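Examining the three-dimensional arrangement
What follows is the residue order along each chain.
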Amino acid sequence: MHFFQYRGDVLFAEDVDLRVLAEQVGTPTYVYSYGTLKRHCTALHRAFGDRPHLTCYAVKANGNLAILRTLAQEGIGADVVSGGELFRARVAGFPGDRIVYSGVGKTAEEMRYALEEGILCFNVESFQELELLNQVAGEAGKVAPVALRVNPDVDPMTHPHIATGLRENKFGVAWEEALRAYEVASSLPNVRVVGVDAHIGSQITSVEPFVESAKKLAELAGRLMDKGMTLEHIDIGGGLGIRYRDEDPPEPGEWVEALLPVLEPLGLKIIFEPGRSLVGNAGILLTKVLYVKETPHRNFVIVDASMTDLIRPALYGAYHEVLPVERGGGEIIKADVVGPVCESGDFLAKDRTLERPRPGDLLAVMSAGAYGFVMSSNYNARPRPAEVLVKGDRFQVVRERETYGDLVRGERFLGI
Ligand code: LLP
């Protein structure tokens, strides 16, 4: 459910006519819907009811400060995977004690920073990381709260690049070694075990893999408590998918409800780390048609957005629906929607039937709110697009379009 809908033949973001927005801000531009974000947060809050819980939004999905601030104001926490994400989360207003820190490669410096910020939990992914965290915390005169991210070896049935909970993946402590890792953790003086954690992958469209992983995690938590360890929370990770095409994933609230019977009996605080399901369909990429190139072999709609703005189609063959901002009228053609970048892999959509657009027409690449702008690059010296947040009938640029000056900032000629 989202708030990008046609009114008559014109696509609106909430109450904003996207033609007007494009006229004022230019293209390409990411457009986000405040109402959609709020709606997803409310659904999660409702599903948890008054059970002790914390939703830690995965900042990697969309780290724009205005998005983060909106979520922080909804009482949501943050899941970060780098010092930079921690910085963003803190600037946006997430309190330290609502932040969990995941990732296989935390540096000592990042650990120090996170300790200073008083984060809720380090999701530790290896024995060596545990040792280093113990050392860094000791030097800082602190005790680091930890959960071990275990790899439950569950098949999330998703794209191989975004599966993380299979035993051949680099993530987490192997399931067979989990107990031993917890024993090591509880023997270290400067870390304190507070939870258990797993994250099995992304764009998962059914609840079964989550239930399977939650059962394993609950079993582990039970065993640890039997051994006398005091746990405070169980973190089931993120990974709930959204509809890009014809998938039928559960709504965020349904996802939570499916897992509560497994998690609730433990009596621990429940942590989820959703990214995509909160922001994915709350954003679109607005782009302008530059040329329509019809060749004897294939047709190309060449637009001003490219793989540098939205890399998911090029990287994963991901499908994003492409809609005309003004519909009706054009003859139907079959075409690839491609960008200006000098790579054959630079496409936003392949083999689509769409109304033949004219140069200057606007298109909306749907469901681009997650892993869109955050994965953008400056390849081909393309300035990154603007980001806009719409709220009702108003909108605001929440990140300015980059300039040519931005492209060369920090560079200098050799002076030695
Ligand atoms: N927690 C951890 C530890 C994660 O690694 C991730 C995502 C999440 C939570 C949030 O997962 P989500 O709810 O968004 O599925 N770039 C890829 C997705 C990579 C996901 C990486 N980890 C894409 O564009 O599909």
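Reading guide: rules and limits
- Residues numbered from 1 in each chain as written.
- Predicted model: local features only at pLDDT ≥ 70, side-chain atom pairs only at ≥ 80, totals over all residues.
- Heavy atoms only, no water.
- Helix = DSSP H or I, 4+ residues; strand = E, 2+ residues; numbered from the N terminus.
- Rg over C-alpha atoms; globule rule 2.2 N^0.38 Å.
- Contact = heavy atoms within 4.5 Å.
- Areas by Shrake-Rupley, 256 points an atom, 1.4 Å probe, with all protein chains shown as cover.
- Lys, Arg positive; Asp, Glu negative; His and termini not counted.
- Charge placed at Lys NZ, Arg CZ, Asp CG, Glu CD.
- Near = heavy atom within 4 Å.
- Polar contact = N/O pair within 3.5 Å; in protein donor to acceptor, adjacent residues only side chain to side chain.
- 1 Å grid on protein atoms, 1.4 Å probe; cavity = no way out; pocket = protein on both sides within 12 Å on 5 of 7 lines; lining within 4 Å.
- Sits in = over half its atoms within 2 Å of the grid points.
- Nonpolar A, V, L, I, M, F, W, Y, C, P; charged D, E, K, R; others polar.
- Domains from an automatic or database assignment.
- Points joined across faces, edges and corners; volume = space filled by probe spheres on them.
- Buried area = accessible area lost by both parts, 1.4 Å probe.
- Salt bridge = Lys/Arg side-chain N within 4 Å of Asp/Glu carboxyl O.

Moving on, we come to the overall build of the chain. Check the secondary structure of the chain and you find twelve helices and 21 strands. Taken over the C-alpha trace, the chain has a radius of gyration of 23 Å; the compact-globule value for 416 residues is 22 Å, and the two agree within 12%. Contacts in the chain between residues at least 24 apart in sequence constitute 69% of all its contacts with a sequence separation of at least 6. Here the chain displays about 18200 Å² of accessible surface, and carbon together with sulfur accounts for 49% of that area. Taken as two groups, the 45 positive and 57 negative side-chain charges of the chain have centres that lie 2 Å from each other.

What surrounds the ligand is a group of 19 residues, the closest being Ser 202, Glu 273, Arg 276, Arg 312 and Tyr 371. Contact between the ligand and Ser 202: an oxygen atom at 2.4 Å from a side-chain N or O atom of the residue. A distance of 2.6 Å separates an oxygen atom of the ligand from a polar atom in the side chain of Arg 312. Burial of the ligand by the surrounding chains reaches 92%, relative to a free accessible area of 580 Å². Because more than half of its atoms lie within 2 Å of the grid, the ligand is assigned to the largest pocket. A per-class count over the shell around the ligand returns six nonpolar, seven polar and six charged. Inspection of the shell around the ligand shows a minimum of three residues originating in each of domain 1 (4–32 + 280–408) and domain 2 (34–277).

Take the layout of surface pockets next. Approximately 890 Å³ is the volume found for the largest pocket. Along the walls of the largest pocket sit 46 residues, with Ala 58, Lys 60, Val 81, Glu 85 and Tyr 371 positioned nearest its centre. Elements supplying a minimum of two residues to the lining of the largest pocket: helix 4 (83–92), helix 11 (312–316) and strand 21 (394–399). Considered class by class, the residues forming the lining of the largest pocket number 16 nonpolar, 15 polar and 15 charged.

Once that is clear, we can look at the domain arrangement of the chain. The assigned domain composition of the chain is domain 1 (4–32 + 280–408) and domain 2 (34–277). Using C-alpha coordinates to define each centre, domain 1 is positioned 32 Å away from domain 2. Contact with domain 1, which involves 23 residues of that partner, is made by 22 residues of domain 2. For the pair domain 1 and domain 2, the two sides together bury roughly 2000 Å², of which 57% comes from carbon and sulfur. Area buried by domain 1 at its contact with domain 2 is led by Tyr 316, Tyr 319 and Tyr 371, which between them contribute 29% of it. The interface formed by domain 1 and domain 2 holds zero salt bridges in total. Inspection of the region where domain 1 meets domain 2 yields nine residue pairs in polar contact (both at pLDDT 80 or more).

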